[in-house]
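Residues per chain are reported as follows:
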Amino acid sequence: MNPPNLLYAKTHEWTRVEESGGAKIATVGITAFAVEALTDLVFMELPKVGRQVKAGEAFGEIESVKAVSDLYAPVTGEVIEVNSGLPEKLETLNADPFGAGWVAKIRITDDSALSNLMNAAAYEKQCAEEAH
Amino acid sequence: MRNQQATQLLFELSKPGRRGAKLPASDVPARSLSDLLPAEHAAAFPPPLPELAEPDVVRHFTNLSTKNMSVDTHFYPLGSCTMKYNSKRNERIAALPGLANLHPYQSEDSLQGLLQLLYELQGMLCEISGLDAASLQPAAGAHGELTALMVAAAYFRDRAQQTGEPRRTKVLTPDSSHGTNPASAAVAGFEAVTVRSTPDGFVDLADLRAKLDRQTAVFMITNPNTLGLFDRQVREIAHLVHEQGGLLYLDGANMNAILGVARPGDFGADMMHFNPHKTFSGPHGGGGPGAGPITVRAMLEPYLPSPVVTKVGDRYRLAFDRPKSIGRVRSFFGNTGVLVRAYCYLRTHGPDGLRRVSEQAVLNANYLLAKVKDRLSVPHGDRCMHEFVASAAKIKAQRGISAMDIAKRLLDYGFHAPTVYFPLTVKEAMMIEPTETEGKETLDAFADALVRILDESPETLHDAPHTTPISRPDEVRAARTPVVRWSPSA
C-alpha cells in the first residue's frame, strides 16, 4: 500500500523527489498508515510558502479528535507551494493520501537528509512493528 | 420513566408572559428607560430570555440531571481523573453557614475559623508532600502547574541577578505527560521540550541527559506516571536535574497512589501541585470549580503567590508583605469550598487512613488488571499503581473493535467509560482507574462486562451505545463547525 517510488520518514511523512529546472523539488505528504492512526481529522495548519525548513523540524500541525500532532519536514529547503485547499477538505487525506492529499512542495537546498529516509519496504516494517 | 418533554431546551419550553415569580405592585412612580439610561447604552430590545414557570424549570433540570452518569449513580473508572466516591458528610460541612456564608471582604478578625482551617491545610499539604511552603490560591491542577512555573521563573530571575547565570528558557516534559504540562510551560514563557519514554514506559534517561542543560529551568514529572507505573529512577532523575541547576516539578495528578507511602520532597521534587478534586474528595466531573494548591521547597517560598495564611501569636493573618511574590493568581483565597472539603477529608482519614486510601486504590487497580489482562493486553506489565493502561490494538487488528467501541458499549452495561486514547504513547489506550471506594462486587461486574463486550459482534459495538439518549455525536463536525449558540429553527 506504500508506493515503492517514495521515500519515508520515521515520523510518517512521505517524500517524492523530482528534478525541475536544475533544482530538486520534494513533494511531501502524510502516509496512509499515519492518517489511519490519527483517526478522524479535524484541523490542519500548513506551513507558510517561503519558509525555510530543516529536516526533522516541525513545520505544520494536524489535529484529530484524539490529539494534535506535528508534521515534520523530511528534507531541508524552502517551502515553495502548499496544498492550500487541503485543510478545508481533510477527507482527501483519507481518500488519496499519496496523491491529491499532498501537503507541501519543498525546494531542497541540502539533500544530505535524504539518506535518513526509508524505502517502502523498510517503512512497512516500521509500521508492522508499531501496530503492536 | 424520564420526562422527555421537560428536557426540551428552555427556549423551546418558553411561553411569552409566563413567570415563576409574583412581585407586589410597585408603589414607586415608573420612569421611562430613556430617562434613566442614555440611548447609546440601551440595547435595541430586551434579551430573549426564556419565560417559564417554576415547575417547568425544576422539572427541566431535575430530568436533565438523570440523563448523566455520575459517581453517585455509576462506577466511574475514568483513568487519571480519580473519580472516587465523595462522602456527603464533607459536602454538608462545606455548606455550613459559618463557612459558606462568609464574605471575602469581612475583617480578618471575623474570619478566624476559616483562616485557621486554611492555615492548617497548608501545613497538611506540606507534610504529605515533604515540602516546606504552600499556596492554596490556584484554582485547578493546570493552574497550579502554571503558578509553580511562574514561581520557578521568578526564582531563576532572582538567582541570575545574583550569580549572573544565563537565562533558563526550557521546561522538559515526558512524552507520556498530561497535555497541560507543556501547555503550562508555554504559557509561563518557556520552551516546552519533550523527553522520550523507554519502551517499558519510564523516562528515557539517555534522552533526558541529552536534553538537560544550563538553560533547563524545570523537568516536570508525573510519578506514578500516566501508565500507572512508579518511575523508580526518580531520585536519579532529580539528581540529574539538580546537577544542571534545574528544578524538579511533580505533577500531583496521581497522588492517590502514594499518600502516606512516599513523599515527593523525599524523592527529589522541589515543587508540586495537588488536585483536591481528585485526591481529597472535592466534587469532580461537573466542570469545576476545582483547586490546585502547590507546595514548594523553602528557597522558593518567597516567590509564592500573595497572600498566604500565617499565624501571628494566636491569630491567623493574611500575609501581603512579600516583596518577591509573583502576586495574586486568583481572587481572594482560592476556591475555598473545595479546600474545605479537602480539609475535612484529611482530618477524617488522618495519616494512617490516608496510607490505607492509597493501599486500597492500588489493590483495586491490580485486582482489576489481573481480571482483564488475559482478554485485553496490558502492555506495561502485570503490576500497576492506582491505575493501568490496557490496549485494544490487538483486538482492533483481529476483529475491528476499537477502544472507542468498547468504551461506548460500556455505557450500555451501566458503567462510565474509562479514559481512552491517552496516554498517546499507547495505541488504542484504555486507562482504567477504579479508585479505593469501590467494592469487589463492582470491580467483578465491570470486568465481566468488559469480557462480554469483547465477545460481542463488531457491528453491535460500532453502533454502541444503544441505550443512551444520544448514541454517537459527530465529533468531527462538532470540532470543525461548532454551533455554540442556540437559535430558533426557521
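Residues numbered from 1 in each chain as written. Chains lettered and ligands numbered in written order. Predicted model: local features only at pLDDT ≥ 70, side-chain atom pairs only at ≥ 80, totals over all residues. Heavy atoms only, no water.

## Description of the overall build of chain A
Rules: Numbering of helices and strands runs from the N terminus; a helix is a DSSP stretch of H or I covering at least four residues, while a strand is a stretch of E covering at least two. To get the radius of gyration, use the C-alpha atoms; to get the globule rule, take the number of residues to the power 0.38 and multiply by 2.2 Å. Only protein chains enter the calculation, and the probe is 1.4 Å; a residue is then buried if its accessible area is under 20% of its type maximum, exposed if over 50%, and partly exposed in between. Only the protein chains shown count as covering a residue, and every accessible area follows the Shrake-Rupley method with a 1.4 Å probe. We score Asp and Glu as negative and Lys and Arg as positive, and we do not count His or the chain ends. To locate a charge, the coordinates of NZ of Lys, CZ of Arg, CG of Asp or CD of Glu are taken.
What chain A contains, in helices and strands, is three helices and nine strands. Moving toward the C terminus, one meets the helices and strands of chain A in the order β-β-β-α-β-β-β-β-β-α-β-α. Taking 2.2 N^0.38 as the reference for a compact globule, 132 residues should give roughly 14 Å; the C-alpha atoms of chain A span a radius of gyration of 14 Å, in line with that estimate. Along the longest, intermediate and shortest principal axes, the C-alpha atoms of chain A span 40 × 30 × 25 Å. Residue burial in chain A is summarised as follows: out of 132 residues, 47% are buried. Accessible surface for chain A amounts to roughly 6600 Å². Of this, 50% is attributable to carbon and sulfur atoms. With 11 positive and 20 negative side-chain charges, chain A shows a separation of 4 Å between the mean positions of the two kinds.

## Digging into the domain arrangement of chain B
A common way to express how large an interface is: the accessible area buried when the components associate. All names here are of chain B. Condition: Note that domain bounds follow an automatic or database assignment of domains. The criterion used for residue contact is that any of the two residues' heavy atoms lie within 4.5 Å. Once two parts are put together, the accessible area they lose, assessed with a 1.4 Å probe and summed over both, is termed the buried area. Pairs of N or O atoms within 3.5 Å make up the polar contacts considered here, provided that, within protein, one atom can donate a hydrogen while the other can accept it, and that residues adjacent in sequence are counted only when both atoms are side-chain atoms. Gly is placed with the polar residues, together with every amino acid not listed as nonpolar (Ala, Val, Leu, Ile, Met, Phe, Trp, Tyr, Cys and Pro) or charged (Asp, Glu, Lys and Arg).
Examined at the domain level, chain B breaks down into domain 1 (91-349) and domain 2 (358-471). On a C-alpha basis, the centres of domain 1 and domain 2 stand 31 Å from each other. Every contact between the two is made by 21 residues of domain 1 and, on the other side, 17 residues of domain 2. Both faces combined, the contact of domain 1 with domain 2 buries some 1400 Å², and carbon together with sulfur accounts for 59% of it. Where domain 1 meets domain 2, there are eight residue pairs in polar contact (both at pLDDT 80 or more). When the residues that make up the side of domain 1 that touches domain 2 are grouped by side-chain class, the tally is ten nonpolar, nine polar and two charged.

## Quick look at the pairing of strand β2 (residues 13-20) of chain A
All names here are of chain A. We apply this condition: When DSSP finds at least two bridges between two strands, those strands are taken to pair.
Two elements, strand β1 (residues 7-8) and β2, share two bridges in a ladder whose sense is antiparallel. By the bridge assignment, Y8 is partnered in β2 with W14. In sequence, β1 turns back onto β2 through a hairpin of four residues, with H12 there showing a positive phi of about 75°. Pairing analysis gives eight bridges linking β2 to strand β3 (residues 23-30), with the strands arranged antiparallel. The residue bridging E13 from the neighbouring strand is I30, located in β3.

## Thoughts on helix α8 (residues 180-187) of chain B
Counting along an α-helix, one turn takes 3.6 residues, and residues three or four places apart therefore face a common direction. Residues and elements named next belong to chain B. Operational definition: By construction, the arc corresponds to the directions joining the helix axis to the C-beta atoms.
Of the residues making up α8, those classed as buried are N181, S184 and A185. When α8 is viewed along its axis, its buried side chains cluster within an angular range of 100° and face the same direction. Positioned one or two residues after α8, G189 has a phi angle of 95°, which is positive.

## Considerations on the interface of chain B and chain A
Which entries qualify depends on this criterion: Definition used for salt bridges: Asp or Glu carboxyl oxygen within 4 Å of a side-chain nitrogen of Lys or Arg.
Taken together, the contact pairs nine residues of chain B with 15 residues of chain A. Interface of chain B and chain A: buried area, both sides summed, is about 980 Å²; carbon and sulfur atoms make up 60% of it. There are one salt bridge connecting chain B and chain A. Note that K396 of chain B is salt-bridged to E36 of chain A, the shortest N-O span being 3.8 Å. In this assembly, chain B and chain A are joined by two residue pairs in polar contact (both at pLDDT 80 or more).

## Here's the deal with the sheet that holds strand β5 (residues 247-251) of chain B
Residue and element names in this part refer to chain B. Inclusion rule: Only the stretch in contact is used when a helix axis is fitted, and all axes are lines through C-alpha atoms; the angle between N-to-C directions ranges over 0 to 180 degrees.
In spatial order, the strands read β1-β7-β6-β5-β4-β2-β3; together these seven strands make up an open sheet with mixed pairing. Only two strands of the sheet have a single partner each, and these edge strands are β1 (133-135) and β3 (191-195). Taken pair by pair, the neighbouring strands of this sheet meet at an average axis angle of 20°, ignoring direction. Both β5 and strand β6 (residues 271-273) contribute to a ladder of three bridges, which runs parallel. Each bridged residue has a counterpart across the sheet, and for Y249 the counterpart in β6 is M271. Where α8 meets the sheet, its contacts fall on β2 (170-174), β3, β4 (216-222) and β5, and the angle it forms with β2 comes to roughly 175°.

## Overview of the sheet that holds strand β12 (residues 429-432) of chain B
All names here are of chain B. In space, the three strands of this open sheet follow the order β10-β12-β11, with antiparallel pairing throughout. Strands with a single pairing partner mark the edges of an open sheet, and in this sheet they are β10 (388-391) and β11 (419-420). For β11 and β12, the ladder comprises two bridges, and the chain directions are antiparallel. Paired with V420 across the strands is M430, a residue of β12.

## Remarks on the state of the cysteines
Cut-off, in case you're wondering: In this description, the term disulfide denotes a pair of cysteine sulfurs within 2.5 Å.
The tally for this structure, following the rule as stated, stands at zero disulfides over all chains. No disulfide involves C344 of chain B; its sulfur sits 19 Å from that of C126 of chain B, the nearest cysteine.

## Let's talk about the confidence of the model for chain B
Heads up, the condition is: Values of pLDDT, ranging from 0 to 100, describe the predictor's confidence in every residue of the model.
Averaged over every residue, the pLDDT of chain B is 94; residues scoring 70 or more account for 100%. Our summary of model confidence lists the complex with pTM equal to 0.87 and ipTM equal to 0.70.

## Considering the packing of helix α14 (residues 403-412) of chain B against helix α15 (residues 440-454) of chain B
Residues and elements named next belong to chain B. The condition is simple: Angle categories: roughly parallel below 35 degrees, roughly antiparallel above 145, roughly perpendicular from 65 to 115, and oblique for all the rest. Crossing handedness follows the turn of the near helix against the far one: under a right angle anticlockwise gives a left-handed crossing, and clockwise gives a right-handed one.
Contact geometry for α14 and α15: axes closest at 10 Å, N-to-C directions at 125°. Here α15 runs oblique to α14, going by the angle between their axes. Read as a crossing pair, α14 and α15 show a hand that is right-handed. Residue-level inspection shows I406, R409 and L410 of α14 in contact with α15, the latter providing F446, A449, L450, I453 and L454. A class-by-class count of the residues in the contact of α14 with α15 yields seven nonpolar, no polar and one charged.

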